[in-house]
Number of protein chains: 2
Amino acid sequence: MNVVLNSDTDGAMNGVDQANNSQALINTLFGSNTTAIRDRVDQSCRKFFSSTDAVTDMQIEDVRSKFMQFDAPAQGQSAEAYLDMLDSEVLPHCSHLASPRYLGHMTSPIPQFLPEIGRLVQTLNQNVVKMETSRGMAFLERQVIGMLHREIFQADRQFYEAHLQIASSALGIFTSGGTLANICALWTALRLADTTQAPESTKASHTVDLPVIIGSELMHYSFDKGAQLLGAELHKVPVNSLFQIDLDALRDTVEKYRQAGRKIACLVAIAGTTDYGSIDAIAKICEMGRQIGAHVHVDAAWGGGLILSQSNRHLLDGIAHADTVTIDGHKQLMLPLGCGMLFFRDAALSQLTMHHAPYAVRATSFDQGRFTLEGTRPATALYLHAALHIIGKSGYDDLFSKSLQRARYMAQAIETRPEFELIAAPAMNILTYRYIPEKYRNIKIDDLDNIQINRFNISLQKWQRQKGDSFVSRTFRTINQYNNQGLTLLRAVLLNPLTTFDDIDFLLSDQLDIARSLESEIPGVSASRS
Amino acid sequence: MNVVLNSDTDGAMNGVDQANNSQALINTLFGSNTTAIRDRVDQSCRKFFSSTDAVTDMQIEDVRSKFMQFDAPAQGQSAEAYLDMLDSEVLPHCSHLASPRYLGHMTSPIPQFLPEIGRLVQTLNQNVVKMETSRGMAFLERQVIGMLHREIFQADRQFYEAHLQIASSALGIFTSGGTLANICALWTALRLADTTQAPESTKASHTVDLPVIIGSELMHYSFDKGAQLLGAELHKVPVNSLFQIDLDALRDTVEKYRQAGRKIACLVAIAGTTDYGSIDAIAKICEMGRQIGAHVHVDAAWGGGLILSQSNRHLLDGIAHADTVTIDGHKQLMLPLGCGMLFFRDAALSQLTMHHAPYAVRATSFDQGRFTLEGTRPATALYLHAALHIIGKSGYDDLFSKSLQRARYMAQAIETRPEFELIAAPAMNILTYRYIPEKYRNIKIDDLDNIQINRFNISLQKWQRQKGDSFVSRTFRTINQYNNQGLTLLRAVLLNPLTTFDDIDFLLSDQLDIARSLESEIPGVSASRS
């Protein structure tokens, strides 16, 4: 078949008044030389990526006021004119996540080959929900899922030869992100509990009937969403001083529910908490799950990427015994946003939530859509495929080792500065700390003091964010060593490979400068009282 | 702040043995000139987009056998070498959706400026879950949601001035696709039913307690998923001869559930069924919903884009009275995959499923993540923003009118060929038909005949797909005019703006050729017996 686009399309135009206009539009959208657009986008990318911080001094209310137009444009404009507008009216107000001094969230600049792969993904426009709209790409998706599955679960070659490309089940699925991966894991666990565990109590009351999901208080909020959506009870167990689930408390909780005759559908272990990067005792939780016949899910959205790193994969010891594992490709693996994944140790688990439809996604096909909560999906697998081949396991090993090294450097830098208090040393590449205003140093800090210190740190973080030279995020959590009082914490994520030790020093100095200004404004009290 | 990337990163490298290797890797990934990669991708895009069909003659089992490698690469390779490999080993096996003779699914080539916008979206890497990782982009997202909201619900200017950019609620959300948009609509409806409708029956039995969702038998399979996930009963009502929900049957069903004291949480109207493109009587269903106090959701994943078309928006009459509406940007609006949307007529509905988290997505912020089921999300809003500005409403009007014209042309072409039977004339730009082997023409077709004709059409569609010169999909549905017997139907989607009348004629001739070969192979019987 030789179909040349931009060929004669007169056939469709006969008898239509605005034939010329229509043809011009189609030529513009599908047939024009895109070099001019491409160069224009290049320029915007480079400007954003490589020069000054895109966060303007503008207050958020002023940025907001620039986006009040609500009439869809009646007429189109040229792509070039649009890109000009974008350049002046939108890009300056974006968050400059690529900056090596933006250490606030689980973001990083992505390797530059990936947006080019993205262009290919969008041009191919393969829809991996079904074979007829993806063919080879669907097998490629199963292939990369298999590669990570093997890193996680380390089954033998026969296992993968049998399961990698088989129509009846899947070793894992891609999702739009960790939230959906976690929700699909819970869905699987609840379906499993439904089919295997006989309820020990009567079904007289709806509330008694709810299956139970247990994990630490640091579970990602996707578990709250999932439990609400699925009608399950989510029980949160306290953490120890290393911000890992307290195993004694977990055992007691399990026992309590069992004695009450409740169905424990799922135990959750976290490999990289969002707040601290801490990792639960995965092996022990898996063992406990086996003992009580509960599904064990590991939320490794943040930490899971480390499985590719020979030097650091020991941090995830025990993960091979989990039933399901979530990994976000767009976190540690630095893929574009939208690359969540859920892995099933036993491929048969993928069959518990299967669906199909008569017009496609046929029951007897290879259609991957039978296994996913989502329907139509882009071929995000190609990002992982490209990164695995271009960066390789050794490249990721190197990037992760550097990232962890940066986190340790920052922890040391915080500890050598008496103005700061390190709250959570980095188990991985996240750490939390706070600024202690001068009057609270070297004294025993009480509850009222902490309320003042919290206010001060909120002001500090907001000022730093507005100033725009460096950035950390903040969180609010109860802390064991302060008698479970809620503390406002500064939170740094050391993912960006372009961040240097100098950038870290700069960020801390920037904070000290801001903090001193805040303190001097209202001597003797915290600035937030102003 | 002046941060120049590719600057000295020695700080992070001190004391590390493989400092040079590490730096080289970082330079390659983040600092290298990407012109070579870009040109290489250009070449692949152009090859795929503009020349021959990418579907090889290879049988699916042979394609499968090419993706059996399951060891993640230990070492990286150059992007150029990777792209060479992709070009020879992967792209030839992709489905050639851009072909103007591929009329099988809801796909089209996307306007060429969009993959360039995609490159920008991925480079900016804005995460619209929260303000700190998106700023202006979060407001832009609310802005384009507002633009489509206005086209759908046509509220007055004061309404949008008050609701467009307000922290406490949202006019709509982006999702990864129509499936999640529909599930979020059901979630909203069920939460609403929970808070407003007192159950009329006792809660003695779990089953009696399930809230009810009612729509036609042609509801997308996302409703099956949603009902299972959320624990609701999904009731499917038959359709009339135009493949719209039978309103009398709907009324009877509603009455039956009400008399049984059951909670009707949601009525579903479809604007563009996946199988036929048919549109339910939206206005009447909205009225019925109001009368019984049930939420009305319109699944306009396929048809919703027509709201932008002055000449065709009347097809969606009544949609302004719906409570929630799903639209997929990646269908009629031809955006990249992953641009689902859910709109709330009353912004307060967005608050029913709100969630927040301490480390971000704060309750009192503008963080859009409070309203979404998903967490981290890419700025897909920019695709819609760009398309609205570059194509404009008038451009979409033109594209839709041509698309509908192509569908009418194909319907006529089918009707003039005695070998085909048109099953569903196009209400929009989808139609279904089937081939009638010679021996079944001009006779009264009975049930056994239909079974043979079904087999024949399955063979025809599979052969055509394998031959690879043109493509339609197939579906299997019960059909009124054949006494509700299940029929295999050929299904054409006339979305691709590059498809000409000649392409349509080609496709039908291609089918006739294949059908004749099939018939001649085994004279007098259908080929599928072979």
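Conventions adopted
Counting restarts for each chain, with residues numbered from 1 along the sequence as it is written. Each chain is given a letter, starting from A, and each ligand a number, starting from 1, according to the order in which they appear as written. Local features in this predicted model are restricted to residues of pLDDT 70 or higher, and side-chain atom pairs are both shown and tallied only at a pLDDT of 80 or more, whereas totals for entire chains, interfaces and linings draw on every residue. Water and hydrogen atoms play no part in the side-chain values, which are based on all heavy atoms of the structure. UniProt positions are given in the numbering used here, feature names are shortened, and annotations may be inferred rather than shown by experiment. Under the scheme used here, helices are H or I runs from DSSP no shorter than 4 residues and strands are E runs no shorter than 2 residues, and both carry numbers assigned from the N terminus. Three labels apply to residues, based on accessible area from a 1.4 Å probe with only protein chains included: buried if under 20% of the type maximum, exposed if over 50%, partly exposed otherwise in between. We call two residues contacting when some pair of their heavy atoms lies within 4.5 Å. We define buried area as the total accessible area lost by two parts upon association, computed with a 1.4 Å probe and summed across both. Put simply, a salt bridge is a Lys or Arg side-chain nitrogen that is within 4 Å of an Asp or Glu carboxyl oxygen. The copies were overlaid by least squares, fitting only the C-alpha atoms of residues that reach a pLDDT of 70 or more in each copy.

Undergrad: Give me the UniProt feature "modified residue: N6-(pyridoxal phosphate)lysine" (unreviewed entry) in chain A: which residues, what numbers.
TA: All names here are of chain A. Feature annotation in UniProt places "modified residue: N6-(pyridoxal phosphate)lysine" (unreviewed entry) on Lys331, given in this structure's numbering. Tracing the chain through its elements places Lys331 in the loop between strand 6 (324-328) and strand 7 (340-344). Given a relative accessible area of 10%, Lys331 falls into the buried group.

Undergrad: Any chance you could break down the environment of Ile285(A) for me, citing the residues and the numbers?
TA: Residues and elements named next belong to chain A. With respect to the helices, strands and loops of the structure, Ile285 is situated in helix 12 (residues 282-292). The exposure class assigned to Ile285 is buried, which follows from its relative accessible area of 0%. For the pair Ile285 and Ala269, spaced 16 residues apart in sequence, the C-alpha separation works out to 6.8 Å. The contacts of Ile285, once residues within four sequence positions are left out, are Ile245, Leu247, Leu250, Leu267, Val268, Ala269, Asp280 and Val296.

Undergrad: A description of the interface of chain B and chain A should follow, citing residues and the corresponding values.
TA: Each partner contributes to the interface: chain B provides 181 residues, whereas chain A provides 181 residues. A combined buried area of about 16800 Å² lies between chain B and chain A, and 63% of that area is made up of carbon and sulfur atoms. Put simply, chain B and chain A have 14 salt bridges between them. Across the pair Glu132(B) and Arg465(A) runs a salt bridge, and its minimum N-O distance is 2.6 Å.

Undergrad: Which residues make up the relation of the copies chain B and chain A, and what values go with them?
TA: Overlaying chain B on chain A yields an RMSD of 0.0 Å, the required transformation being a rotation through 180° with an accompanying axial translation of 0.0 Å. Within this description, the copies of the chain are treated as partners about a two-fold rotation axis. By C-alpha distance to the rotation axis, the residue of chain B lying nearest is Leu230(B), at 2.6 Å. The fraction of interface residues of chain B whose copies in chain A are also interface residues reaches 100%, indicating that both copies meet through the same surface.

Undergrad: An account of the side chain of Ser169(A) is needed here, citing residue identities and associated values.
TA: Structurally, Ser169(A) can be placed in the loop between helix 7 (157-163) and strand 1 (172-175). Overall, the relative accessible area of 4% leaves Ser169(A) in the buried class.

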